[in-house]
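# Summary of the model geometry
The residues making up each chain are set out below.
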Amino acid sequence: MWKGFPVSLENHLRRLATSAAMTDLPEPNIDAFTAAVNTVIAAYDDPEPGPMLRILVSRGYDPTTGVGAGKGRLPSVWIFLDGKGLLHSLEPLTMISLSRGYASDVTAKISQSEHRLCDRRGIGDSIQYTTDGFTLECPNSSIVGQYGDTFVTPDPRIGILNGTSQRELFAWALEEGKKVEYRK
């Protein structure tokens, strides 16, 4: 959010829908999410002009399997603004690279265990890669390499999500006459 307006909300909600489909969650109601985000923003009364807007979706605990929600139950959703906490840091991230442990042609679900590992090590994020040496993504960041006038990011068809910041950067690059590529 910046000065009361959500930044790239449509792109973020499209990414949320893609993530929901990849993790077998119900398709989010984009209009309802947009209304909820606007309600949260309207209630924000801190002077910080650029708080981080977060949307968290969890299927919750299922006592029959130990994971997720029971069949037919809706997931829980939290929407909040973080203007002062750790999520709002403008400091550069420290990173490590972690193998997902499988080849690049296998689609998989992103594990929250990476967040816990980074927290334990005091690391801001991790760069995921495949056993055959291809960079995938970061749980909280977009990966974009610049080679001359060409910007490159991992191909989302290998089972990763497009980053909203990456999409915005690619849109800018194209407007500036640069090239963009999705590739391994």
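See the structure above.
In what follows, the accompanying structure is described. The residue count restarts for each chain, going from 1 along the sequence in the order it is written. Owing to the predicted nature of the model, reporting of local features is limited to residues with pLDDT of at least 70; listing and counting of side-chain atom pairs is limited to 80 or more, with chain, interface and lining totals taken over all residues. Each side-chain value is worked out from all heavy atoms of the structure, with water and hydrogens disregarded.

## Focus on the environment of arginine 59
Put simply, the rule is: Helix and strand definitions here come from DSSP, where helices need a minimum of 4 consecutive H or I residues and strands a minimum of 2 consecutive E residues; each element is numbered from the N-terminal end.
Position of arginine 59 relative to the elements: it lies in the loop between strand S1 (52-58) and strand S2 (76-82). Sequence-wise, arginine 59 and leucine 74 are 15 residues apart; in three dimensions their C-alpha atoms are separated by 7.1 Å.

## Observations regarding the nonpolar core
Put simply, the rule is: The criterion is simple. A nonpolar core is a set of buried Ala, Val, Leu, Ile, Met, Phe, Trp, Tyr and Cys residues joined through side-chain atoms within 4.5 Å. Each residue is placed in one exposure class: buried if its accessible area under a 1.4 Å probe, protein chains only, is under 20% of its type's maximum, exposed if it is over 50%, and partly exposed if it falls in between. Here a residue-residue contact requires only that any non-hydrogen atoms of the pair lie within 4.5 Å.
Listed in full, the 9 residues of the largest apolar core are Met1, Leu9, Leu13, Leu16, Phe33, Val37, Ile41, Ile79 and Leu81. Ignoring any residue separated from it by four or fewer positions in sequence, one finds methionine 1 in contact with Pro6, Val7, Ile41, Tyr44, Pro49, Gly50, Pro51 and Leu81. By size, the runner-up hydrophobic cluster in this structure holds 5 residues, among which are Ile96, Leu98, Leu117 and Ile123.

## Here we look at the packing of aromatic side chains
When we look at a pair of aromatic rings, we describe it by the centre distance and by the angle of the planes. Note the following rule: In this analysis, rings of Phe, Tyr and Trp, with Trp reduced to its six-membered ring, are considered paired at centre separations within 6.5 Å, and the interplanar angle assigns stacked below 30 degrees, edge-to-face beyond 60, and tilted for intermediate values.
Applying the stated criterion across every chain yields a total of 2 aromatic pairs. Aromatic pair phenylalanine 151 and tryptophan 172: ring centres 6.2 Å apart, planes at 80°, arrangement edge-to-face. In this pair, phenylalanine 151 sits in strand S6 (residues 150-153) while tryptophan 172 sits in helix H4 (residues 164-175), placing the two residues 21 residues apart along the sequence. On the accessibility criterion, phenylalanine 151 (6% relative accessible area) is buried.

## Considerations on H4
Note the threshold: What a helix is expected to span follows from its residue count: subtract one and scale by 1.5 Å.
Between its first and last C-alpha, H4 extends 17 Å over 12 residues, near the 16 Å set by a 1.5 Å rise per residue. Taken as a whole, H4 has its buried residues at Thr164, Gln166, Phe170 and Ala173. Tucked into the core, H4 has its buried residues touching helix H1 (9-22), S6 and strand S7 (179-182). Once H4 ends, the next one or two residues include glycine 177, with phi positive near 80°.

## Quick word on unusual backbone geometry
At lysine 3, a residue that is not glycine, the phi angle is positive and equals roughly 50°. The topology assignment puts lysine 3 in the segment before H1. Given the relative accessible area of 56%, lysine 3 is considered exposed. At serine 8, a residue that is not glycine, the phi angle is positive and equals roughly 55°. Along the polypeptide, serine 8 turns up in the segment before H1.

## Digging into the environment of proline 75
Mapped onto the fold, proline 75 is located in the loop between S1 and S2. On a C-alpha basis, the gap between proline 75 and serine 58 in space is 5.4 Å, while along the polypeptide they are 17 residues apart. Apart from residues no more than four positions distant in its own chain, proline 75 is found in contact with Leu25, Pro26, Val57, Ser58 and Arg59.

## Concerning the environment of isoleucine 160
Note on placement: isoleucine 160 falls in the loop between S6 and H4. A C-alpha to C-alpha distance of 9.8 Å links isoleucine 160 and proline 139, two positions 21 residues apart in sequence. Residue contacts for isoleucine 160: discarding those within four places in its chain leaves Met22, Arg100, Leu136, Glu137, Pro154 and Asp155.

## Looking at helix H2 (residues 30-43)
Put simply, the rule is: An arc is given here, and it is the one of the directions from the helix axis to the C-beta atoms.
Taking 1.5 Å of rise per residue, 14 residues should cover 20 Å, and H2 covers 20 Å from first to last C-alpha, within 8% of that figure. If you check which residues of H2 are buried, you get Phe33, Val37 and Ile41. Seen along its axis, H2 keeps its buried residues to an arc of 75°; they face one direction. In H2, those exposed residues whose orientation departs by more than 90 degrees from the buried face are Asp31, Thr39, Ala42 and Ala43. Buried residues belonging to H2 abut H1, S1 and S2.

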